[in-house]
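Each chain, written out:
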Amino acid sequence: MTILMFDIDGTLSRSQGAGTLAMSRAFVELYGIEDALEGMSFAGRSDSWIVPTALANHGRSCTAAELARFQDAYIGHLSDALVEREAELCPGVMALLDALLDHEVVMGLGTGNFRRAAEAKLAPLGIWDRFIDGGFGDDHANRTSLLMAGLARLRLHASDDAEVVVIGDTRNDVEAGHDIGAKVVAVKTGYAKAGDLDEADAILDDFGDLPASISALFD
Ligand SMILES: [Mg+2]
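Per chain, residues are indexed from 1 in the order of the written sequence. For this predicted model, a pLDDT threshold of at least 70 governs which residues receive local features, and a threshold of 80 or more governs which side-chain atom pairs are given and counted, while totals over whole chains, interfaces and linings are taken from all residues. Heavy atoms from the whole structure form the basis of all side-chain values; hydrogens and water molecules are not counted.

Participant: Is there a simple way to think about the domain arrangement of the chain in this case?
Facilitator: In this entry, domain limits derive from an automatic or database-based domain assignment. What the domain assignment lists for the chain is domain 1 (2-14 + 88-218) and domain 2 (18-84). Spacing between the C-alpha centres of domain 1 and domain 2 amounts to 24 Å. Between two residues, a contact is recorded if the distance between any of their heavy atoms is within 4.5 Å. Contact with domain 1, which involves 17 residues of that partner, is made by 16 residues of domain 2. A per-residue breakdown of the area domain 1 buries against domain 2 is headed by Phe 114, Arg 116 and Ala 141, which together make up 45% of the total. Throughout this description, the term salt bridge denotes a Lys or Arg side-chain nitrogen within 4 Å of a carboxyl oxygen of Asp or Glu. Along the contact surface separating domain 1 from domain 2 lie 1 salt bridge. Between Asp 72 and Arg 116 there is a salt bridge, with its nearest N and O atoms 3.0 Å apart. Distance and chemistry together define a polar contact, namely a pair of N or O atoms within 3.5 Å, with one atom able to donate a hydrogen and the other to accept it when in protein, and with adjacent residues in sequence counting only for side-chain atoms on both sides. Remark: the boundary between domain 1 and domain 2 carries 7 residue pairs in polar contact (both at pLDDT 80 or more). Secondary structure elements follow DSSP: runs of H or I of four or more residues count as helices, runs of E of two or more count as strands, with numbering from the N terminus. For the side of domain 1 that touches domain 2, the leading source of residues is helix H5 (residues 115-122), giving 4 residues. Buried area is a sum: the accessible area each of two parts loses on coming together, probed at 1.4 Å, counted once for each and added.

Encoded structure:
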């Protein structure tokens, strides 16, 4: 049995900056701040890192209540932004997820998105219900910690000897996956620059080659 933990942005789907757009609109709505996220790098970052960091950049503290208020505003803008930016699955993802129905796997997510943002991104693409649980930006700001939280949930659905595979598109994904003792499969459909993924156990251009994708996950 294998526990799979998929990243979302740049791995399962691409949304051409819809998340950033929705967050920017939330900053305007709540604080009247334009271009609040200008110059920030989000690759492999969690929503619960991005929001307090952006608030701090504008001289604001981020209490739990403020983070919850921001999340509500962000989620309120996200669905429209995903439609505007024509969010889509990465190549080969649907065929891969279909093929995995025939494997002994626990299908999980390991993503910096808030859980509600993950659902907002994956449900319209028809794949939210493929995943039983996961680790999310709500769990921790730090990616290793949120993967640990997700893995604890997924282990409830797995045999004790289950292998763990983390699938992602950034250097942060590779490092955090190794931190939790997982095998890491990296895919080049997202935000990695040259060399970022070199430490991954397997690297795919995309999931377009189904046999190669399956063997990267299980061999
Ligand atoms: Mg990603």
